[in-house]
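Letter by letter, the chains look like this.
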Amino acid sequence: MHSELIFQVLKGIHWTLEHGTFPSAFKSAYITPILKKADLDPADVRSYRPISNLSVLSKLLERLVSNQLLQYLKDNGLLPDLQSAYRAHHSTDTTLLKVLSNILLALDSGNLAMLTLLDLSAAFDSVDHDTLLQRLRTSYGMEGTVLGGFESYLRGRVQQVRSTMSSSTPSEVLYGVPQGSVLGPILFLLYTADLLQLIKRHHLHQ
């Protein structure tokens, strides 16, 4: 019985990858509001952190796609040079070492060092789907079934808030990458990567 179920799951995943169609059943997310701190006012919506829950099968499929996507980006040298997350042997530690090294080198050379940090509010929710798909096409050479698969992944998503007492009416997600997803952070990286080219053109990189 279990082997038959596994076979059907793998068959469905293979069909999805081959045809570039993300199953509608995987596009629904439940948003669970979690109180950020115990001493916060439970009547204030700002006291809660929304936690998105996606199906296990959805994340399994995303993991397979993300592995192929990262391999494609790596093989074709399409990842930003200074990108740390979602790359082997790169982490926040390597980022901090790079920043510290640049500052020390600048000071040793008698130059001034300035660090500018950009924090985007609700960054993942701000992604425009049309712009992201255009980025995938023009900057990363994706087309055909592959591009269609990412479009299917982004379009037609719904989410609803669910608590122990009740649930909201499902609403369509028109912008953003799915919270709590495997592909979401990688797609956001590709969405913003062209900013690095703008920084380089103004000679603001080391």
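All values derive from a computational prediction rather than experimental measurement.

A. Here's a closer look at the overall build of the protein chain. A count of helices and strands for the protein chain gives 7 helices and 4 strands. Each helix and strand of the protein chain, ordered N terminal to C terminal, gives the series α-β-β-α-α-α-α-β-β-α-α. Over its C-alpha atoms, taken along the principal directions, the protein chain stretches across nearly 70 × 50 × 35 Å. Taking all 206 residues of the protein chain together, the buried fraction comes to 27%. Across the protein chain, every contact between residues at least 6 apart in sequence was considered, and the portion connecting residues at least 24 apart equals 63%. Side-chain charges in the protein chain split into 18 positive and 18 negative, and the spacing between the mean points of these groups amounts to 1 Å.

B. Region of interest: the sheet that holds strand 2 (residues 48-53). Here we have 4 strands laid out as an open sheet, ordered 2-1-3-4, and mixed in their pairing. Bordering the open sheet on either side are strand 2 and strand 4 (171-173), each of which pairs with just one other strand. Each strand of the sheet is rotated relative to its neighbour by a mean of 35 degrees, with strand direction disregarded. Sheet analysis places strand 1 (residues 28-35) next to strand 2, joined by 6 bridges and oriented antiparallel. Residue pairing across strands places P33 opposite P50, the latter belonging to strand 2.

C. Representation of the confidence of the model for the protein chain. On average, the protein chain scores 84 in pLDDT, and the residues at 70 or more come to 92%. For the protein chain, per-element mean pLDDT is lowest for helix 1 (residues 2-19), which scores 70, and highest for helix 4 (residues 129-138), which scores 95.

D. Structural view of the packing of aromatic side chains. In this structure the tally under the stated criterion is 3 aromatic pairs. Relative to F26, the ring of F22 lies with its centre 6.0 Å away and its plane at 70 degrees, an arrangement referred to as edge-to-face. There is no split in this pair, since F22 and F26 are both buried. The class for F22 is buried, based on a relative accessible area of 7%. A network of ring pairs unites the aromatic residues F22, F26 and Y153 as a single cluster. The side chain of R162 reaches across the aromatic face of Y30, ending 3.8 Å from its centre.

E. Spotlight on the pattern of salt bridges. Counted under the stated rule, the structure contains 4 salt bridges. Among the salt bridges present, the one from R155 reaches E151, with a minimum N-O distance of 3.6 Å. By relative accessible area, R155 is classed as partly exposed at 30%. Residues participating in the shared-partner salt-bridge network are D130, E151 and R155.

F. Spotlight on the environment of T145. Positionally, T145 belongs in helix 5 (residues 144-154). Sequence separation between T145 and L17 is 128 residues; the distance between their C-alpha atoms is 8.7 Å.

G. Region of interest: the pairing of strand 3 (residues 157-161). Pairing geometry for strand 1 and strand 3, over 4 bridges, is parallel. Across the sheet, residue I31 finds its bridge partner in strand 3, namely V161. Here strand 3 runs beside strand 4; their pairing, made up of 3 bridges, is antiparallel. Along strand 4, the bridge assignment pairs V158 with E172.

H. Region of the structure containing the nonpolar core. Counting 28 residues, the largest nonpolar core has L69, L132, L136, F150 and L187 as the members making the most contacts within it. Secondary structure elements with two or more residues in this core: helix 2 (56-75), helix 4, helix 5 and helix 6 (183-192). Residues in contact with L132, not counting those within four places in the same chain, are V127, L154, V177, L187 and Y191.

I. Molecular detail of the side chain of S58. Checked against the element boundaries, S58 lands in helix 2. When its relative accessible area of 0% is taken as the criterion, S58 is described as buried. Not counting chain neighbours up to four residues away, the residues in contact with S58 comprise F22 and F26.

Scoring rules and cut-offs
- Residues numbered from 1 in each chain as written.
- Predicted model: local features only at pLDDT ≥ 70, side-chain atom pairs only at ≥ 80, totals over all residues.
- Heavy atoms only, no water.
- Helix = DSSP H or I, 4+ residues; strand = E, 2+ residues; numbered from the N terminus.
- Buried < 20%, exposed > 50% of the residue type's maximum accessible area, 1.4 Å probe, protein only.
- Contact = heavy atoms within 4.5 Å.
- Lys, Arg positive; Asp, Glu negative; His and termini not counted.
- Charge placed at Lys NZ, Arg CZ, Asp CG, Glu CD.
- Pairing = 2+ DSSP bridges.
- Axes fitted to C-alpha atoms, helices over the stretch in contact; angles between N-to-C directions.
- pLDDT = per-residue confidence, 0-100.
- Phe/Tyr/Trp six-rings, centres within 6.5 Å; stacked < 30°, edge-to-face > 60°.
- Lys NZ or Arg CZ within 6 Å of the ring centre and 35° of its normal.
- Salt bridge = Lys/Arg side-chain N within 4 Å of Asp/Glu carboxyl O.
- Core = buried A, V, L, I, M, F, W, Y, C linked by side-chain atoms within 4.5 Å.

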